[in-house]
Amino acid sequence: MNASKQQSISQTSPHGRVTFLEGRGDLPMVEIATPWSAAEIYLHGAQVTHFQKQCEPPLLFLSQCSRFDTVHPIRGGIPIIFPWFGKPADKPGQHGFARVKDWELCEVTSPADGSVTLRLRLPECKPSVDCAACEVEYVVTVSDTLTAELRVSNKSGREFEFENCLHTYFAVGDIQAVKVTGLKGVEYLNQPTGFSRHTETADAIRFAEEVDRIYLATGHPVEICDKRLKRIIRVEKEGSNSTVVWNPWMAKAKAMPDYGDDEFKEMVCVESGNVAANKVILPPGQTSRLKIKLSSRALA
Ligand code: BG6
């Protein structure tokens, strides 16, 4: 879709407002306003970097130190992790390539219900040792909630094994006053201790040190209870069997070049996907769908 067509869509849409801009680092960005909320999406990584309901603080965390260029991933919002998670020995770089590609914007719709939907496509997914021939689409809907769906269609003649994850950074008031619920009884791999296997025994996960865990075989919704902002964030998901919970804490925060030393206090990642033992094995001709719905309500 070229710029003039995008502009005409933004002008004729009667409900939600869609504006095409040069964002930070002059990267193409789409700004969305609906009757309930505002959002921003960069074509670099198809990354949602902002979602905010009226009369609420932003739902997503975005680092003040994030790089905005065509080479690095943006630090914050919802990076798309595909086709691998973490840094397997045989892969080039961490968390796949989808988050550093410039995606194509294919369609913008704004129906009478006031929502705005963007459909984006990952270009040039040619077969390689790291990825089968496939078509990858990402559909984001902004309304009083934020929904995002990653669709991967296997266009090759063989099974395609991959990992995916919507690596969502949530904004919180104070990490030490945050509880994450919905994972009790779930088995997890603890990354700081070399991926040792444990079972979650706590009713709620609390944060007083680095937390970096892959929860396996769980399709449950997760809630982030934030006492300081008096808000509960709910993460519902479909087509996802893993949940990753991550906060880098002090030392790792200092070591990251694109992340403020104290920003670990203001965010928690609750990531929905299919990683490690839950990787997707997609038969030829099939499509996998990973969907999240993010909502929030006041904490009574
Ligand atoms: C999380 C991983 O998903 O992403 C962490 O569990 C990792 O181990 C974090 O540190 C951030 O990764 P990156 O590549 O964005 O710095």
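Our subject is the structure that appears above.
Here we summarise the structure given alongside this text. (Residues numbered from 1 in each chain as written. Predicted model: local features only at pLDDT ≥ 70, side-chain atom pairs only at ≥ 80, totals over all residues. Heavy atoms only, no water.)

**As for the site of the ligand**
- In the vicinity of the ligand, the contacting residues are Arg-75, Phe-85, Gln-94, His-95, Arg-99, His-167, Gln-191, Asp-212, Val-244, Trp-246 and Glu-271.
- One nitrogen or oxygen atom from the side chain of His-95 is found 3.0 Å from an oxygen atom belonging to the ligand.
- At 3.0 Å, a side-chain N or O of Gln-191 approaches an oxygen atom of the ligand.
- Protein contacts shield 84% of the accessible area of the ligand, which totals 400 Å² for the unbound molecule.
- When the residues that make up the shell around the ligand are grouped by side-chain class, the tally is three nonpolar, four polar and four charged. (Near = heavy atom within 4 Å. Polar contact = N/O pair within 3.5 Å; in protein donor to acceptor, adjacent residues only side chain to side chain. Areas by Shrake-Rupley, 256 points an atom, 1.4 Å probe, with all protein chains shown as cover. Nonpolar A, V, L, I, M, F, W, Y, C, P; charged D, E, K, R; others polar.)

**Examining the pairing of strand β15 (residues 196-199)**
- Pairing of strand β14 (residues 187-190) with β15 involves four bridges; the strand directions are antiparallel. Looking across to β15, one finds that Leu-189 is bridged to Arg-197.
- What sits between β14 and β15 in their antiparallel hairpin is a turn of five residues, with Gly-194 showing a positive phi close to 70°. (Pairing = 2+ DSSP bridges. Helix = DSSP H or I, 4+ residues; strand = E, 2+ residues; numbered from the N terminus.)

**Observations regarding the pattern of salt bridges**
- Taken as a whole, this structure holds 21 salt bridges when the rule is applied.
- The partner of Asp-258 in a salt bridge is Arg-75, and the shortest N-O contact between them spans 3.1 Å. Here Asp-258, found in the loop between α2 (249-255) and β21 (267-274), pairs with Arg-75, found in the loop between β4 (47-53) and β5 (80-81); they are 183 residues apart in sequence, far enough to count as distant. Accessibility classification places Asp-258 together with Arg-75 in one group, the buried group. (Salt bridge = Lys/Arg side-chain N within 4 Å of Asp/Glu carboxyl O. Buried < 20%, exposed > 50% of the residue type's maximum accessible area, 1.4 Å probe, protein only.)

**A look at the side chain of Asp-174**
- For Asp-174, the position within the fold is in the loop between β12 (169-171) and β13 (178-181).
- Among the polar contacts made by the side chain of Asp-174, one reaches the side chain of Arg-228 at a distance of 3.3 Å.
- Asp-174 has contacts with Asp-226, Arg-228 and Lys-265, leaving out every residue within four places of it along the chain. (Contact = heavy atoms within 4.5 Å.)

**Quick look at the sheet that holds strand β3 (residues 37-42)**
- The four strands are arranged β1-β2-β3-β4 in an open sheet whose pairing can be described as antiparallel. Strand pairing shows two members of the sheet lacking a second neighbour, β1 (17-22) and β4, which therefore form its edges. Geometrically, the sheet is characterised by an average inter-axis angle of 15° between neighbouring strands, direction not taken into account.
- As paired strands, strand β2 (residues 28-33) and β3 are joined by five bridges and run antiparallel to one another. Along β3, the bridge assignment pairs Glu-31 with Glu-40. (Axes fitted to C-alpha atoms, helices over the stretch in contact; angles between N-to-C directions.)

**Some remarks on the pairing of strand β23 (residues 287-298)**
- Pairing analysis gives eight bridges linking strand β9 (residues 146-154) to β23, with the strands arranged antiparallel. Note on β23: the bridge partner recorded for Leu-146 is Leu-294.

**A few points about the sheet that holds strand β6 (residues 104-109)**
- Pairing is antiparallel in the open sheet, where nine strands are placed in the order β6-β7-β8-β9-β23-β19-β18-β13-β16. Of all the strands in the sheet, just β6 and β16 (204-205) have a single pairing partner and so form its edges.
- Both β13 and strand β18 (residues 222-226) contribute to a ladder of four bridges, which runs antiparallel. Its bridge partner being in β18, Val-178 is matched across the sheet by Asp-226.

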